[in-house]
Amino acid sequence: MEIHKIALLTSGGDAPGMNAAIRAVVRSAIYHHLEVVGVLKGYQGLIDANFVSLQLESVSNIIGRGGTILKTARCAEFFEKEGRKKAVEQLKKNRIDGLIVIGGNGSFRGAHLLAIEHNFPVIGVPGTIDNDIMGTDFSIGSDTAVNTALEAIDKIRDTVSSMERIFVVEVMGRKEGYIALRVGLGGGAEDVLIPQTEYDIERMCEDIKRGRKRGKVSWIIIVSEGVAGSKDVASLIEDITGFETRSITLGHIQRGGSPTAMDRILASRLGAEAVNALLKGESDKMTGISGEEVKLVDFISACAQERKKKNRLDREIYGLVRILAT
Ligand code: F6P
């Protein structure tokens, strides 16, 4: 099928750099003489035909802005067969020949089903702060989120060391410990609790007690939201050690702000490649990065090797956090 007109949407949790990806898709599509339609509010906007025409100037001055100008949402209806049928009907009615979805794992599950059930060309661009998508070294937004959390941790350390306290900091990342581990290493945390490694709070409390005896006064412990809430971990530590422990949940600030250079460059490359992929007749795939190379990856490829590689790296970083904290 020849591609003349494409639609573009952002879906799931917003991530810094999504706007840079939108800009790249729009500008490279127009460069290739394609018409571009923006879908507002994710898959729901597809079902409701909430479309806007996008021109070169529609994406001016957005490369450095957080959030997504197309808005985003999590849409339960699209995960029903009937919802996807409605969506494809709207695409066809509006003479749209291909769809680009910027989002995370959940969004790609929906994109995959749309592509295979209706034989409709769909290409994904990985955008999530969690960096939990197999098949790409990085997803758009994850570098910015780590930097944002790191900035917060540097500030927390000022009060932690001044008041000689233990502080538990909860970061986002769903079931993946990507943000927690990078922030733990980059922020000089004493310990990190992530879902991928075994954690033992009793052992950690013994370390704290031993450390206090030899004169170590302050601790920062990073906990990934996939493990437990920061409040629960803090009160457990306080109960076991008897030392004053505070907690903070960094929450959605990790999703906002201007994207880092790395995220802008990644978004620009992956967005432009998504357009190239549609033009080459590809579908049911996402763009990804491996080292310096941009590549295409099947939505459903199990990527067992990628998972192993990420697990190995997680264990290595975790080990280093512990060594450097002693
Ligand atoms: O997937 C991105 C993310 O920010 C996760 O890290 C977090 O678990 C989730 O979204 C929060 O979702 P919501 O904004 O719907 O509360």
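Residues numbered from 1 in each chain as written. Predicted model: local features only at pLDDT ≥ 70, side-chain atom pairs only at ≥ 80, totals over all residues. Heavy atoms only, no water.

*Asks:* Outline helix H5 (residues 142-163), listing residues and values.
*Replies:* The end-to-end C-alpha separation of H5 is 31 Å, in line with the 32 Å expected for 22 residues at 1.5 Å each. The set of residues buried in H5 consists of Ser142, Asp143, Thr144, Ala145, Val146, Thr148, Ala149, Leu150, Ala152, Ile153, Ile156 and Val160. Along its buried surface, H5 packs onto strand E6 (166-171), helix H6 (178-186), strand E8 (219-224), strand E9 (245-249) and helix H9 (261-279). Phi turns positive one or two residues past the end of H5, at Glu164, with a value near 55 degrees. (Helix = DSSP H or I, 4+ residues; strand = E, 2+ residues; numbered from the N terminus. Expected span 1.5 Å × (residues − 1). Buried < 20%, exposed > 50% of the residue type's maximum accessible area, 1.4 Å probe, protein only. Contact = heavy atoms within 4.5 Å.)

*Asks:* So what's going on with the sheet that holds E6? Residues and values would help.
*Replies:* Taken together, four strands build an open sheet; the order of strands is E7-E8-E6-E9 and the sheet is parallel. Strand pairing shows two members of the sheet lacking a second neighbour, strand E7 (191-193) and E9, which therefore form its edges. In this sheet, neighbouring strand axes are inclined to one another by 20 degrees on average, regardless of whether the strands run parallel or antiparallel. In this structure, E7 lies alongside E8, joined through three bridges in parallel fashion. Note that in E8 the partner of Val192 across the bridge is Ile222. Those strands touched by H5 are E6, E8 and E9, and its axis lies near 145 degrees from that of E8. (Pairing = 2+ DSSP bridges. Axes fitted to C-alpha atoms, helices over the stretch in contact; angles between N-to-C directions.)

*Asks:* Please provide a residue-by-residue account of helix H7 (residues 201-213), values included.
*Replies:* With 13 residues, H7 should reach 18 Å at 1.5 Å per residue; the first-to-last C-alpha distance of 18 Å fits that figure. Inspection of H7 places Ile201, Met204, Cys205, Ile208 and Gly211 among the buried residues, and these make up the whole buried set. The arc enclosing the buried residues of H7, seen along the axis, measures out at 120 degrees, which places them on a common side. Between a side-chain oxygen at the N-terminus of H7 and the backbone nitrogen of Glu202 the separation is 3.1 Å; the capping residue is Asp200. One or two steps after H7, the chain reaches Gly215, where phi turns positive at roughly 100 degrees. (Arc of directions from axis to C-beta. Polar contact = N/O pair within 3.5 Å; in protein donor to acceptor, adjacent residues only side chain to side chain.)

*Asks:* Residues and numbers for the site of the ligand, please.
*Replies:* The immediate surroundings of the ligand are formed by Arg74, Thr128, Ile129, Asp130, Met172, Gly173, Arg174, Glu225, His252 and Arg255. Here an oxygen atom of the ligand and a side-chain polar atom of Arg74 are 3.0 Å apart. Within the side chain of His252, one N or O atom sits 2.8 Å away from an oxygen atom of the ligand. Expressed as a share of its isolated accessible area of 400 Å², the protein-covered part of the ligand is 74%. Of the residues belonging to the shell around the ligand, the class tally is two nonpolar, three polar and five charged. Three or more residues apiece are contributed to the shell around the ligand by two domains, here domain 1 (5-141 + 259-304) and domain 2 (145-255). (Near = heavy atom within 4 Å. Areas by Shrake-Rupley, 256 points an atom, 1.4 Å probe, with all protein chains shown as cover. Nonpolar A, V, L, I, M, F, W, Y, C, P; charged D, E, K, R; others polar. Domains from an automatic or database assignment.)

*Asks:* Let's hear about the packing of aromatic side chains: which residues, and what values?
*Replies:* Enumeration according to the criterion identifies three aromatic pairs in this entry. The interplanar angle of 40 degrees and the centroid separation of 5.0 Å between the aromatic rings of Phe108 and Phe299 together place this pair among those described as tilted. On the criterion of sequence distance, the pair formed by Phe108 in helix H4 (residues 105-118) and Phe299 in the loop between strand E11 (293-298) and helix H10 (304-325) is long-range, its members being 191 residues apart. The exposure class of Phe108 is buried, given its relative accessible area of 5%. (Phe/Tyr/Trp six-rings, centres within 6.5 Å; stacked < 30°, edge-to-face > 60°.)

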